[in-house]
Amino acid sequence: MTVVPSSLASPAAAPRPAFNTLPLAIGAFCLLWSFAFVAGKVGVTDCPPLILLAARFLLAGILIFGIAVLRGEGWSLSRRDVAIFAVLGVANNAMYLGLGYTGLQTVSAGLSGLIVSANPVFTAVLAAVFLGESLTWRKVMGLLLGIAGVAFIVWHRMSVGTDSLHGILFTLASLASIVAGTILFKVLAPKGNLWLGNGVQSLAGGLALLPFASALSDVSDIVPSWRLLAAFVYLVLCGSILAYVLWFHLLKVCGATAASAYHFLMPPLAILFAWLVLGEHVAARDLLGIVPVALGIYLVTRPAAGPAQHAS
């Protein structure tokens, strides 16, 4: 038996440190999700929102199932899971974005992103009411800060005539839809493959919007342009597919509570992208309003310190 000197054995025995991809996944998700508000604003400028969304969801659903077939994934959804994901598709896709994109016609992308990104605050409060989750002083304080920040910016935008009340009401209804969809997800708790579930949600959302798009929209109102095509491709590939892949990865690696905390980065990012790409005006009062919203979301989603955390 040959004895290898320790000086030669140790370098081979020492494992190479693995590259931590989590920060990249977090950064990519935040950027993709925030920029979707800008892409949506561009899209509804040249295309009726319901037509845009119906096409987006149907194409995304087809692509998701096509990728699943190419990867050789077997069908792992029960009939109950399919029904649940279809209901969630109506709430989280058709209603949430249908109302939100209708509001985007008369509301800036920055304000839309700010309002919708406050969803973890309201979700946490409703979860305490309907799901029996604890309502701590941090969550109450976070709710009050979130409401105060959004109300401050909405009041300022309306006072200077930047955004319309009509569009703001649609955006608030959009916020209510995604909060309801999140609560439904927790209550119904589908157990199937989330990738396939996202495909069912997309198809269900597209099919639910199709009759409304046909009745309330006119194809002749579409203004073909390269920017519309770019926005549509982004919304399908990055908004409906890639962002959700990253989101499911973060849910798996970090857990729901920690992953939700990243939403407090969305308001400033959405307003930043709207300023850079669309030239939307950002007033000092808007920046002041972002602070309590971001802080409120952080307080609501920050996990409570456990015994293990104090041990160190």
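The rules behind the values
- Residues numbered from 1 in each chain as written.
- Predicted model: local features only at pLDDT ≥ 70, side-chain atom pairs only at ≥ 80, totals over all residues.
- Heavy atoms only, no water.
- UniProt positions renumbered as here; feature names shortened; annotations may be inferred.
- Helix = DSSP H or I, 4+ residues; strand = E, 2+ residues; numbered from the N terminus.
- Buried < 20%, exposed > 50% of the residue type's maximum accessible area, 1.4 Å probe, protein only.
- Areas by Shrake-Rupley, 256 points an atom, 1.4 Å probe, with all protein chains shown as cover.
- Axes fitted to C-alpha atoms, helices over the stretch in contact; angles between N-to-C directions.
- Parallel < 35°, antiparallel > 145°, perpendicular 65-115°, else oblique.
- Left-handed = near helix turned anticlockwise from the far one by under 90°.
- Contact = heavy atoms within 4.5 Å.
- Nonpolar A, V, L, I, M, F, W, Y, C, P; charged D, E, K, R; others polar.
- pLDDT = per-residue confidence, 0-100.
- Core = buried A, V, L, I, M, F, W, Y, C linked by side-chain atoms within 4.5 Å.
- Expected span 1.5 Å × (residues − 1).
- Patch = residues over 30% accessible without salt bridge, like charges linked within 9 Å, V, L, I, M, F, W, Y side chains within 5 Å.
- Salt bridge = Lys/Arg side-chain N within 4 Å of Asp/Glu carboxyl O.

Naming follows an unreviewed UniProt entry, where the protein chain appears as EamA domain-containing protein of Nitrobacter hamburgensis. Here is the UniProt Subcellular location (unreviewed entry) comment for the protein chain, exactly as written: "Membrane". Annotation of the protein chain in UniProt includes, under Sequence similarities (unreviewed entry), the sentence "Belongs to the EamA transporter family."

## A closer look at the overall build of the protein chain
Scanning the protein chain from terminus to terminus reveals 14 helices and zero strands. Counting over 312 residues, the protein chain shows a buried share of 47%. Summed over all atoms, the accessible surface of the protein chain reaches about 15,600 Å², with 72% contributed by carbon and sulfur.

## Structural notes on the packing of helix α5 (residues 109-116) against helix α7 (residues 137-159)
Between α5 and α7, the least distance of the axes is 10 Å, while the angle of their chain directions is 155°. Taken together, α5 and α7 sit at an angle that is classed as roughly antiparallel. Handedness of the crossing formed by α5 with α7: left-handed. Contacts between α5 and α7 involve Leu111, Leu114 and Ile115 on the former and, on the latter, Val150, Ile153, Val154 and Arg157. Taken together, the residues of the contact of α5 with α7 break down into six nonpolar, no polar and one charged.

## Quick notes on the confidence of the model for the protein chain
Model confidence for the protein chain is summarised by a mean pLDDT of 80, while 84% of its residues fall at 70 or above. Mean pLDDT across the elements of the protein chain ranges from a minimum in helix α14 (residues 307-311), with 40, to a maximum in helix α3 (residues 49-70), with 94. In the model, residues 1-10 has pLDDT below 50 throughout and makes one contact with residues more than four positions away in sequence or in other chains. Note that residues 306-312 has pLDDT below 50 and, in this model, two contacts with residues that lie over four places away or in other chains.

## Quick look at the nonpolar core
Counting residues in hydrophobic clusters, the biggest one holds 62 residues, and the most contacted among them are Phe29, Trp33, Phe37, Leu52, Tyr101, Leu111 and Leu209. The biggest single contributor to this core is helix α2 (residues 22-46), with eleven residues. If we ignore the near neighbours within four places in the chain, the residues touching Leu52 are Gly43, Val44, Cys47, Tyr101, Leu228, Phe232 and Leu235. Formed by 13 residues, the second largest nonpolar core is a distinct cluster that contains Ala60, Ile64, Trp195 and Val200.

## What to know about the side chain of Ser202
For Ser202, the position within the fold is in helix α9 (residues 194-216). With a relative accessible area of 1%, Ser202 lands in the buried category. Apart from residues lying up to four places away in sequence, Ser202 is in contact with Phe57, Leu58, Ala60, Gly61, Ile64 and Asn93.

## Quick look at helix α6 (residues 119-130)
Between its first and last C-alpha, α6 extends 16 Å over twelve residues, near the 16 Å set by a 1.5 Å rise per residue. Buried within α6 are the following residues: Asn119, Pro120, Val121, Thr123, Ala124, Val125, Ala127 and Ala128. Just past α6, the residue Gly132 takes up positive phi, approximately 75°.

## Focus: the packing of α2 against α5
Two numbers describe how α2 lies on α5: the axes approach to 9 Å, and their chain directions differ by 135°. Comparing the axis directions of α2 and α5 gives the class oblique. Relative to α5, the crossing made by α2 is right-handed. Contacts from Phe37, Val38 and Lys41 in α2 reach Ala109, Ser112, Gly113 and Val116 in α5. In terms of residue class, the contact of α2 with α5 is made up of four nonpolar, two polar and one charged.

## Comments concerning the side chain of Ser240
Relative to the helices and strands, Ser240 is located in helix α10 (residues 226-254). Ignoring sequence-local partners within four residues, the contact set of Ser240 consists of Arg56, Phe57, Ala60, Ile64, Asn198 and Leu235.

## Looking at the environment of Ser117
Its location among the elements puts Ser117 in the loop between α5 and α6. When its relative accessible area of 3% is taken as the criterion, Ser117 is described as buried. For the pair formed by Ser117 and Leu175, sequence separation is 58 residues and the distance between their alpha carbons is 8.3 Å.

## Focus on a nonpolar patch on the surface
A surface patch of nonpolar side chains, about 640 Å² in accessible area, is lined by Leu59, Leu63, Ile67, Trp226, Leu229, Val233 and Leu237. With four residues, α10 is the largest single contributor of residues to the nonpolar patch. Here Leu237 lies in helix α10.

## As for the environment of Cys30
Assignment of secondary structure puts Cys30 in helix α2. Looking at Cys30, the relative accessible area reads 3%, which means it is buried. Along the chain, Cys30 and Leu246 lie 216 residues apart, while their C-alpha atoms are 9.6 Å from each other.

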